[in-house]
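# Results of the structural survey
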Amino acid sequence: YNHNNGQVEQNVEHLDESDTLQHYLYDAGYLTGHTGKFLHYFDTSRRGLYWDRWNYFKGGYFDVWMNRDGYGYRPLGYSTVITFDRAIEFAEDFDSFEDDRPWLLHVTPIAPHRPSLPEAKYEDAPVPEWSPDPSVGEADRSDKPPFVRNWNYSPAEGEAERAEMLRTLMSVDEQVDRLMTRLEELGEVGNTLAIFTSDNGILWGEHGLRSKFVPYQRAIDVPFLIRWPGHVAAGAVDDRPVANIDIAPTVLAAAGVSSGHPMDGSDILSGFVRPWRFTEYFLDEANGAGRPSWSSIRSDTVEYNEYYDEAGALTFREYYDLVADPY
């Protein structure tokens with residue numbers, strides 16, 4: 001959790017890079033490669049630790065500055081495609097050693113982050129029809145904190161933003177397929193644990209809000225898919241709640257590698273059940289449009305949220321019955 005790893009601000013460095021998944025695997029003999037967005041306080045002159053191959057950029061879609069293995073460059077083109085170009089390059093390099101060393105690829109395109117700029121061929125692509133839930137355009141927000149009541153992001157604005165985000169994700173879909181196809185050609189895909197997820201959800205007008213930084217469902221739920229032939233059944237659906245803190249323990253357990261100390265998360269494939277999900281946000285004027293600090297616990301049936309002022313004093317509470325009021 002952020003309160004344990006210390007990284008509670010976007011632009012200020014707190015995280016100990018030695019206490020990371022890539023370091024544990026690197027020390028265990030894994031080849032490691034990162035391509036895409038990384039910790040936001042990195043500038044593009046910087047190379048992350050414990051990565052054998054490195055391609056980093058802060059954001060943007062077209063002709064963006066990147067750092068490739070310690071050297072700055074500005075490749076012309078669409079950043080999502082370039083991110084996966086490097087992923088395939090790293091996989092091919094790792095495969096070319098023709099030894100038994102396993103590898104880690106961390107692939108993080110910017111899409112669908114705002115401003116969402118689609119690849120040219122998808123600029124006018126049709127998107128699935130939107131069926132927003134009842135919280136979009138919610139009229140009565142008297143049960144919400146004052147900062148929520150002051151927002152008035154309209155359903156029309158949300159629908160337009162959704163369309164552009166989905167168009168950027170069409171390139172992600174295409175490039176994930178391209179990467180997995182190349183891994184199959186290299187003979188690697190059958191023994192590769194692949195995880196597909198995102199760093200946050202998004203609000204398109206739910207409770208009059210946009211963006212994220214709140215404890216509500218659409219802001220905290222993310223896609224989460226695991227592919228590992230012989231270990232995870234194809235097409236299986238698992239309804240247990242999990243969280244991003246579970247990714248590192250799951251990967252380490254699959255690799256047979258220990259972090260050497262207790263971790264907040266658990267191995268998803270062990271069958272554990274988490275009755276509650278805990279989420280938190282710390283006030284960050286550079287990242288959150290002035291939303292206050294909060295913490296939240298959520299089960300399948302209830303959600304309880306607390307908000308705090310800058311001194312840490314409780315300022316507002318919410319409690320929802322998610323059976324009677326799922327939205």
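Preceding this section is the structure that the text describes.
Owing to the predicted nature of the structure, the values given are computational and were not obtained by experimental measurement. (Residues numbered from 1 in each chain as written. Predicted model: local features only at pLDDT ≥ 70, side-chain atom pairs only at ≥ 80, totals over all residues. Heavy atoms only, no water.)

## A short note on the pattern of salt bridges
Side chains that differ in charge, positive against negative, can pair when their charged atoms come close. One pass over the full model with this rule turns up 22 salt bridges. Measuring nitrogen to oxygen at the nearest pair gives 2.7 Å for the salt bridge that ties Arg210 to Glu161. Taken as a pair, Arg210 in strand β8 (residues 210-211) and Glu161 in helix α5 (residues 155-185) lie far apart in primary sequence, 49 residues in all. Three or more residues are tied together by salt bridges with common partners; here these are Arg53, Arg68, Asp69, Arg86, Glu89 and Asp93. (Salt bridge = Lys/Arg side-chain N within 4 Å of Asp/Glu carboxyl O. Helix = DSSP H or I, 4+ residues; strand = E, 2+ residues; numbered from the N terminus.)

## A few points about the sheet that holds strand β12 (residues 302-308)
Picture the strands of a sheet paired through backbone hydrogen bonds; they go either parallel or antiparallel. Strand order across the open sheet formed by four strands is β10-β11-β12-β13, with antiparallel pairing between neighbours. In this open sheet, the two edge strands, each paired with only one partner strand, are β10 (277-281) and β13 (314-321). Each neighbouring strand pair of the sheet contributes to a mean axis angle of 10 degrees, computed without reference to strand direction. By the bridge criterion, six bridges tie strand β11 (residues 293-298) to β12 in an arrangement that is antiparallel. Opposite Arg298, over in β12, you have Glu303 as the bridge partner. (Pairing = 2+ DSSP bridges. Axes fitted to C-alpha atoms, helices over the stretch in contact; angles between N-to-C directions.)

## Some words on the layout of surface pockets
In this structure, the second largest pocket encloses a volume near 270 Å³. Forming the walls of the second largest pocket are 18 residues, and the residues nearest its centre are Ser135, His207, Asp325, Pro326 and Tyr327. (1 Å grid on protein atoms, 1.4 Å probe; cavity = no way out; pocket = protein on both sides within 12 Å on 5 of 7 lines; lining within 4 Å. Points joined across faces, edges and corners; volume = space filled by probe spheres on them.)

## Section: helix α3 (residues 79-96)
In a regular helix each residue adds 1.5 Å, so 18 residues correspond to 26 Å; α3 covers 25 Å between its end C-alpha atoms and thus fits that length. Within α3, 13 of the 18 residues are buried, which leaves it mostly tucked inside the rest of the structure. Where α3 terminates, the next one or two residues include Glu98, which has phi positive at roughly 55 degrees. (Expected span 1.5 Å × (residues − 1). Buried < 20%, exposed > 50% of the residue type's maximum accessible area, 1.4 Å probe, protein only.)

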